[in-house]
Amino acid sequence: MRLTWIVTLIAAVLVVLFVVSNTSPVAIGLWPFDARVVLPLSVAALAIAALAFLFGAAIAWFAGMPHRAKAKRLERSVEVLQAEVGTLKDRLAQAEARRPAAPRAPASTELALR
């Protein structure tokens, strides 16, 4: 836990240093369009990094969908099987309660068997 905070703090300091160091304006455009936007370099770089992060997160989320669906199916299957085990345990307990008790040998016979 402490290592996570240290790494996060270092990353935050690096981002702040990047933003403070790169304030010169840059013109950003997309080839087939004539529109240009003038932004500080740091804002442009952070915006592109944020878009790349969101794109990667979306890819990971879509890639995990089959695994989450399978896990949900298996979870439902486990619930059904647990209910069946509970039912079978109840039936076994009822069957054992109905079964007549085995006759006990007299105490003298038990001592002789030991």
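Computed from a predicted structure; not experimentally measured.

1. Things to note about the overall build of the protein chain
And then number 1: When its secondary structure is counted, the protein chain shows three helices and two strands.
And then number 2: Along the chain direction, N to C, the helices and strands of the protein chain fall in the order α-β-β-α-α.
And then number 3: The buried share among the 114 residues of the protein chain stands at 4%.
And then number 4: Counting contacts in the protein chain only where the partners sit at least 6 residues apart, residues at least 24 apart contribute 12% of the total.

2. Observations concerning a nonpolar patch on the surface
And then number 1: Together, Ile6, Leu9, Ile10, Val13, Leu14 and Leu17 line one region of the surface with nonpolar side chains, adding up to about 570 Å² of accessible area.
And then number 2: Position of Leu17 relative to the elements: it lies in helix H1 (residues 2-21).
And then number 3: For Leu17, a relative accessible area of 49% puts it in the partly exposed group.

3. Some points on the packing of aromatic side chains
And then number 1: A full pass over the atoms with the stated rule returns one aromatic pair.
And then number 2: Aromatic side chains Trp61 and Phe62 sit 5.0 Å apart centroid to centroid with 70° between the ring planes, which places their arrangement in the edge-to-face category.
And then number 3: A residue is classified by how much of its surface remains accessible, and Trp61, at 48% relative accessible area, is partly exposed.
And then number 4: For Phe62, a relative accessible area of 53% puts it in the exposed group.

4. Examining the side chain of Asn22
And then number 1: Tracing the sequence through the fold places Asn22 in the loop between H1 and strand E1 (25-29).
And then number 2: Only 3.0 Å separates the side chain of Asn22 from the backbone oxygen of Phe18, close enough to count as a polar contact.
And then number 3: Residues within four places of Asn22 in sequence aside, it is in contact with Pro40, Leu41 and Ser42.

5. Looking at a positive patch on the surface
And then number 1: On the surface, Arg68, Lys70, Lys72, Arg73 and Arg76 cluster together into a patch of positive charge.
And then number 2: Note on placement: Lys70 falls in helix H2 (residues 41-98).

6. Remarks on the pairing of E1
And then number 1: As paired strands, E1 and strand E2 (residues 36-40) are joined by five bridges and run antiparallel to one another. If you follow Gly29 over to E2, its bridge partner there is Arg36.
And then number 2: Between the end of E1 and the start of E2, which pair antiparallel, lie six residues.

7. Re the packing of H1 against H2
And then number 1: Two numbers describe how H1 lies on H2: the axes approach to 7 Å, and their chain directions differ by 135°. Put simply, H1 runs oblique to H2. Along its contact with H1, which presents Val15, Phe18 and Val19, the element H2 presents Ser42, Ala45 and Leu46.

8. Comments concerning H2
Think of an α-helix as 3.6 residues a turn; residues three or four steps apart then line up on the same face.
And then number 1: Between its first and last C-alpha, H2 extends 83 Å over 58 residues, near the 86 Å set by a 1.5 Å rise per residue.
And then number 2: Along H2, the sharpest change in direction is near 40° and occurs at Met65; proline Pro66 comes one to four residues later.
And then number 3: At its buried positions, H2 is contacted by H1, E1 and E2.

Conventions we followed
- Residues numbered from 1 in each chain as written.
- Predicted model: local features only at pLDDT ≥ 70, side-chain atom pairs only at ≥ 80, totals over all residues.
- Heavy atoms only, no water.
- Helix = DSSP H or I, 4+ residues; strand = E, 2+ residues; numbered from the N terminus.
- Buried < 20%, exposed > 50% of the residue type's maximum accessible area, 1.4 Å probe, protein only.
- Contact = heavy atoms within 4.5 Å.
- Patch = residues over 30% accessible without salt bridge, like charges linked within 9 Å, V, L, I, M, F, W, Y side chains within 5 Å.
- Areas by Shrake-Rupley, 256 points an atom, 1.4 Å probe, with all protein chains shown as cover.
- Salt bridge = Lys/Arg side-chain N within 4 Å of Asp/Glu carboxyl O.
- Phe/Tyr/Trp six-rings, centres within 6.5 Å; stacked < 30°, edge-to-face > 60°.
- Polar contact = N/O pair within 3.5 Å; in protein donor to acceptor, adjacent residues only side chain to side chain.
- Lys, Arg positive; Asp, Glu negative; His and termini not counted.
- Charge placed at Lys NZ, Arg CZ, Asp CG, Glu CD.
- Pairing = 2+ DSSP bridges.
- Axes fitted to C-alpha atoms, helices over the stretch in contact; angles between N-to-C directions.
- Parallel < 35°, antiparallel > 145°, perpendicular 65-115°, else oblique.
- Expected span 1.5 Å × (residues − 1).
- Bend = angle between axes of the 7 residues up to and from the residue.

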